[in-house]
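# Structural description and commentary
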Amino acid sequence: MCGASVRVRVEPVAALRGDLAVPGDKSISHRVLLIGAIAEGETEIEGFGASEDTLATAGAVRALGVNVEIDGDRARVGGVGLHGLRLPQEPLDCGNAGTLMRLLAGILAGHGGRFELVGDESLSRRPLDRIAEPLREMGAQVETTDGHAPLLLQGGGLEPIRYELPVASAQVKSCVLLAGLYAARGHTSVVEPAPTRDHTERLLEAAGARLARIGRREIGIWPAERLAPLEVAIPGDFSSAAPFLAAATLLPGSSLRLHGVGINPTRTGFLAVLERMGARIAVFNRRSAGGEPVADLEAAPAELVATAIRPEEVPLLVDELPLFALVAGMARGQSVVRGAQELRVKESDRLEAVRSLLRPLGVRIETTRDGFKVRGVPARPRGGGTVDAHGDHRIAILAAVAGAVSREGVSITGADSVGVSFPGFFEMLDSLAVR
Ligand code: S3P
């Protein structure tokens, strides 16, 4: 995406007040399109989170001969069955979406024919060996470009494997599980070093696939003859709720109510961390939608104390760690994050991006090999000046929250990158702001 084109100024905010509903979960939206594509018949989706990333998935699935209709937050996928995908005319463009490239590779590994997957500049810097290795072990031919995209894949004839993930990654786990649907003669299993988001497992079970959890760390999948189409109401994305939870906690006088947010425990590590720092976030109206736990959340301001994040916790708040750095900067005492080296291979090197964004604003943060340390003070950071989003949606959103809670505000270059996960983010922030 075009990194530095759009500049947005975020002025300091006194408080955030009101009600909001964030867009549908991005991880689940990708997965429903992909699994819907290989199911037999029409998948119906409510609460689809349309963003640049999920629209890339819709585009890739269409290029494989699947009809996808999107109308606001409703979508329909005309599933063609496990073996019904068509060979595309051109390389499949995954844009900025790591989830798309890694999950789709798992599905295509089960197909004969040669597929090429390409991505934008940021995605082409991200590691693919982590999926190439298990797919090769299963019998697919996979070529990367020095461990990166473009990815060439020739699949078919897969064998089941038991795969110990070298990194805790839901994308890699999902890739292997999806390939496992096509591995004849037995079950494929994945062992995780620490639990990661389990949306793929939930959706595949809802589509009738046979899965088995073995303890907290291992999951097995059996080859499927067919998948049933889904009827899913996708909950609000916890990762899109997180910036509002952080800002309302940090701004005295705030009162926010967030409706219909997904609270899958493999996603809500940030909530648990905020709570142990002293935040006041109420979780109520607990219910279930689309096979996922959902609730309304109410956030009020609080004074926070520092905390330490352990390596096993990291996958549960992996996308919220940039926001954690800011929150820690306004909490009393020294906070530490360890075991978060994965942040270096996200849409940007998020450890360096967070440091280079927050330090000039007055946050005392230092990075380490696998995390960061923050010396917090319970006061607004100075702010001021211009910061760059590094072409990364989560960094643009961090910059906006930092500007809102600062004394002088910030200007953000490359602010348009929010569109990757949350196209209306700035408008929503503005509509809740009390100045
Ligand atoms: C995602 C998994 C996480 C996360 C990403 C979305 C997913 O990546 O950072 O934004 O939808 O599976 P990893 O699984 O590689 O850590």
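Residues numbered from 1 in each chain as written. Predicted model: local features only at pLDDT ≥ 70, side-chain atom pairs only at ≥ 80, totals over all residues. Heavy atoms only, no water.

Right, let's get into the pattern of salt bridges. For the structure shown, the criterion picks out 34 salt bridges. The shortest N-O distance in the salt bridge between Arg 310 and Glu 312 comes to 3.3 Å. With relative accessibility at 40%, the residue Arg 310 sits in the partly exposed group. Residue Glu 312 is classed as partly exposed on the basis of its relative accessible area, which comes to 41%. Here the salt bridges do not stand alone but share partners, grouping Arg 126, Arg 197, Asp 319, Glu 347, Arg 350, Asp 392 and Arg 394 into one network. (Salt bridge = Lys/Arg side-chain N within 4 Å of Asp/Glu carboxyl O. Buried < 20%, exposed > 50% of the residue type's maximum accessible area, 1.4 Å probe, protein only.)

Counting across every chain of the model gives 5 aromatic pairs. Residues Phe 244 and Phe 422 carry aromatic rings whose centres are separated by 6.2 Å and whose planes lie at 65 degrees to one another, so their mutual orientation is edge-to-face. With Phe 244 in helix H7 (residues 238-250) and Phe 422 in the loop between strand S23 (410-413) and helix H12 (425-432), the pair connects residues that are 178 residues apart, well separated along the chain. Considered together, Phe 244 and Phe 422 belong to a single accessibility category, that of buried residues. Cluster of aromatic residues (ring-pair linked, three or more members): Phe 244, Phe 422, Phe 425 and Phe 426. The ring of Trp 222 is capped by Arg 210, whose NZ or CZ atom sits 3.8 Å from the centre of that ring. (Phe/Tyr/Trp six-rings, centres within 6.5 Å; stacked < 30°, edge-to-face > 60°. Helix = DSSP H or I, 4+ residues; strand = E, 2+ residues; numbered from the N terminus. Lys NZ or Arg CZ within 6 Å of the ring centre and 35° of its normal.)

Relative placement of two packed helices is described by the angle separating their axes and the distance separating the axes. At a closest axis distance of 9 Å, the pairing of helix H1 (residues 26-38) and helix H2 (residues 52-63) adopts a crossing angle of 5 degrees. Between H1 and H2, the interaxial angle falls into the category roughly parallel. For the pair formed by H1 and H2, the contact residues are Lys 26, Ser 29, His 30, Leu 33, Leu 34 and Ala 37 on the first element and Asp 53, Thr 54, Thr 57, Ala 58 and Val 61 on the second. Grouping the amino acids of the contact of H1 with H2 by side-chain chemistry returns 5 nonpolar, 4 polar and 2 charged. (Axes fitted to C-alpha atoms, helices over the stretch in contact; angles between N-to-C directions. Parallel < 35°, antiparallel > 145°, perpendicular 65-115°, else oblique. Contact = heavy atoms within 4.5 Å. Nonpolar A, V, L, I, M, F, W, Y, C, P; charged D, E, K, R; others polar.)

On to the sheet that holds strand S1 (residues 7-10), then. Judged by pairing direction, the sheet is mixed, and its 3 strands sit side by side in the order S1-S23-S22 without closing on themselves. On the outer flanks of this sheet lie S1 and strand S22 (386-388), each paired with one strand and no other. For this sheet, the mean angle separating the axes of adjacent strands, direction not counted, is 25 degrees. With 4 bridges joining them, S1 and S23 adopt antiparallel strand pairing. Residue pairing in the sheet places Val 8 in a bridge with Ile 412 of S23. Along the sheet, helix H11 (residues 393-405) makes contact with S1, S22 and S23, crossing S23 at roughly 170 degrees. (Pairing = 2+ DSSP bridges.)

Another point: the nonpolar core. The nonpolar side chains of a soluble globular protein tend to be buried, and buried together. Leu 16, Phe 244, Phe 270, Phe 324, Leu 358 and Ile 412 are the most contacted members of the largest nonpolar core, which totals 79 residues. Of the residues forming this core, the biggest block, 10 residues, is contributed by H11. Apart from residues lying up to four places away in sequence, Phe 244 is in contact with Leu 16, Leu 20, Val 22, Leu 256, Leu 258, Phe 422, Phe 425, Met 428, Leu 429 and Leu 432. Formed by 71 residues, the second largest nonpolar core is a distinct cluster that contains Leu 92, Leu 123, Leu 181 and Ala 183. (Core = buried A, V, L, I, M, F, W, Y, C linked by side-chain atoms within 4.5 Å.)

Accessible area lost upon the coming together of the parts is a frequently used measure of interface size. Partitioning the protein into structural domains gives domain 1 (7-23 + 235-434) and domain 2 (26-233). Averaged C-alpha coordinates put domain 1 and domain 2 at centres separated by 29 Å. Between domain 1 and domain 2, the residue contacts involve 27 residues of the former and 24 residues of the latter. Interface area, domain 1 with domain 2, both sides summed: about 2,100 Å², of which 48% is carbon and sulfur. Looking at the side of domain 1 facing domain 2, the largest losses of area belong to Arg 267, Glu 347 and Val 420, adding up to 24% of the total buried there. Where domain 1 packs against domain 2, one counts 4 salt bridges. Here Arg 202 and Glu 292 are joined by a salt bridge, their closest N and O atoms 3.9 Å apart. The interface formed by domain 1 and domain 2 contains 13 residue pairs in polar contact (both at pLDDT 80 or more). If you list the elements that add at least two residues to the side of domain 1 that touches domain 2, you get strand S17 (292-300) and H11. In terms of residue class, the side of domain 1 that touches domain 2 is made up of 10 nonpolar, 7 polar and 10 charged. (Domains from an automatic or database assignment. Buried area = accessible area lost by both parts, 1.4 Å probe. Polar contact = N/O pair within 3.5 Å; in protein donor to acceptor, adjacent residues only side chain to side chain.)

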